[in-house]
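Tertiary structure, described
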Amino acid sequence: MAFTLLKPDGIDLSQTFAFTGTVTGDNSGELVKISNYNVSSTVSTITFDNVFSSTYKNYLIITSNVQVSSTAKTLFNFRSGGSSLTGNYNQAMTAYRTANGAIEFGNQNQTNFTTTIANDIHSDTGYSERMYIYDPQNSADKRISQLGVYNDSNQYDNTFMGTGVYANNTTSIDGFILSRSTGDFYGHGQITVYGIKNA
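This text gives an overview of the structure that appears in the document. The model shown is predicted, which means the values in this text are computed figures rather than measured ones. (Residues numbered from 1 in each chain as written. Predicted model: local features only at pLDDT ≥ 70, side-chain atom pairs only at ≥ 80, totals over all residues. Heavy atoms only, no water.)

**Observations concerning the overall build of the chain**
Helix and strand counts for the chain stand at zero helices and 13 strands. For the chain, the sequential pattern of α-helices and β-strands runs β-β-β-β-β-β-β-β-β-β-β-β-β. The buried share of the chain, taken over its 199 residues, is 40%. Counted over contacts in the chain with a minimum sequence separation of 6, partners at least 24 positions apart contribute 73%. (Helix = DSSP H or I, 4+ residues; strand = E, 2+ residues; numbered from the N terminus. Buried < 20%, exposed > 50% of the residue type's maximum accessible area, 1.4 Å probe, protein only. Contact = heavy atoms within 4.5 Å.)

**Here we look at the pairing of strand S10 (residues 142-151)**
Within S10, seven of the ten residues are buried, which leaves it mostly tucked inside the rest of the structure. Sheet topology places strand S9 (residues 126-134) next to S10; seven bridges connect them, and they run antiparallel. Along S10, the bridge assignment pairs Met 131 with Gln 146. Two successive antiparallel strands, S10 and strand S11 (residues 157-166), enclose a turn made up of five residues, where Gln 155 displays a positive phi of approximately 65°. (Pairing = 2+ DSSP bridges.)

**Details of empty space enclosed by the protein**
Inspection of the entire model under this criterion finds one cavity of 30 Å³ or more. As for the largest cavity, its lining consists of Ile 61, Thr 63, Phe 76, Thr 115, Glu 129, Met 131, Phe 176 and Leu 178. Every element with two or more residues in the lining of the largest cavity is listed here: strand S3 (58-67), S9 and strand S12 (175-180). Of the residues contributing to the lining of the largest cavity, the split by class is five nonpolar, two polar and one charged. (1 Å grid on protein atoms, 1.4 Å probe; cavity = no way out; pocket = protein on both sides within 12 Å on 5 of 7 lines; lining within 4 Å. Points joined across faces, edges and corners; volume = space filled by probe spheres on them. Nonpolar A, V, L, I, M, F, W, Y, C, P; charged D, E, K, R; others polar.)

**Looking at the nonpolar core**
Core analysis: the biggest nonpolar cluster contains 34 residues, and Phe 76, Phe 78, Ile 133, Phe 176 and Phe 185 have the highest contact counts within it. Sequence-distant contacts of Phe 176, defined by excluding residues within four places in its chain, comprise Ile 46, Thr 47, Phe 48, Val 51, Phe 52, Ile 61, Phe 76, Asn 77, Phe 78, Arg 79 and Val 193. (Core = buried A, V, L, I, M, F, W, Y, C linked by side-chain atoms within 4.5 Å.)

**Structural notes on the pairing of strand S6 (residues 89-97)**
Here S6 lies mainly inside the structure; seven of its nine residues are buried. Pairing analysis gives eight bridges linking S6 to strand S7 (residues 101-110), with the strands arranged antiparallel. Paired with Ala 92 across the bridge in S7 is Gly 106. Once S6 ends, the chain turns through three residues before running back antiparallel as S7, passing Ala 99 with a positive phi of about 60°. Of the strand pairs in this sheet, S6 and S11 are connected by nine bridges, and their pairing is antiparallel. What sits directly across from Tyr 89, in S11, is Tyr 166.

**Some thoughts on the pattern of salt bridges**
By the definition in use, this model includes five salt bridges. Between Asp 135 and Lys 57 there is a salt bridge, with the nearest N and O atoms lying 3.4 Å from each other. In this pair, Asp 135 sits in the loop between S9 and S10 while Lys 57 sits in the loop between strand S2 (45-48) and S3, placing the two residues 78 residues apart along the sequence. Assessed through its relative accessible area of 23%, Asp 135 is described here as partly exposed. For Lys 57, a relative accessible area of 45% gives the class partly exposed. For the salt bridge of Lys 73 with Asp 120, the shortest nitrogen-to-oxygen distance reads 2.8 Å. One end of the pair, Lys 73, is in the loop between S3 and strand S4 (74-80); the other, Asp 120, is in the loop between strand S8 (113-114) and S9, with 47 residues separating them in the sequence. (Salt bridge = Lys/Arg side-chain N within 4 Å of Asp/Glu carboxyl O.)

Next comes the structure, spelled out in structure tokens:
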């Protein structure tokens, strides 16, 4: 008997087929878009509320070529019930720079996560990043991982990776906010939040 492997959405299961048995598919790991923000005007913060829930355990945030107005950092804070959560952010990062070797950054008990390495993002340039958020509503520490690229204050191109822990056992985290240490987001770019389907 021949078997044909189909994608989970490869056939219309509402149709009638001339065989007996069960058609099943494994869609674990599939991304489901929850929210999206297009940077089309000048804003100092970008807020995503009510994007984390019990529906998904893990999440992916993709920042695509978001332009910034000043040479500074982009900052990340979790949110709960419409309020930003500060303090107890621990983070370590490594970056590789064109023509200038590697740099490292690490700190404990920060006010927030930084979405880039210690060097600032250069003004009037864009940055891109993917950030995984692991089970933000669990009753223990919240963990993230990051991978991204940007042009730094010395105008070197940076590829960076990092990990972070938010040392807070609250189970009510439902969103996050992005802000700038100086200046704004402006011009163009897109930020999209995805839920990752459980097995």
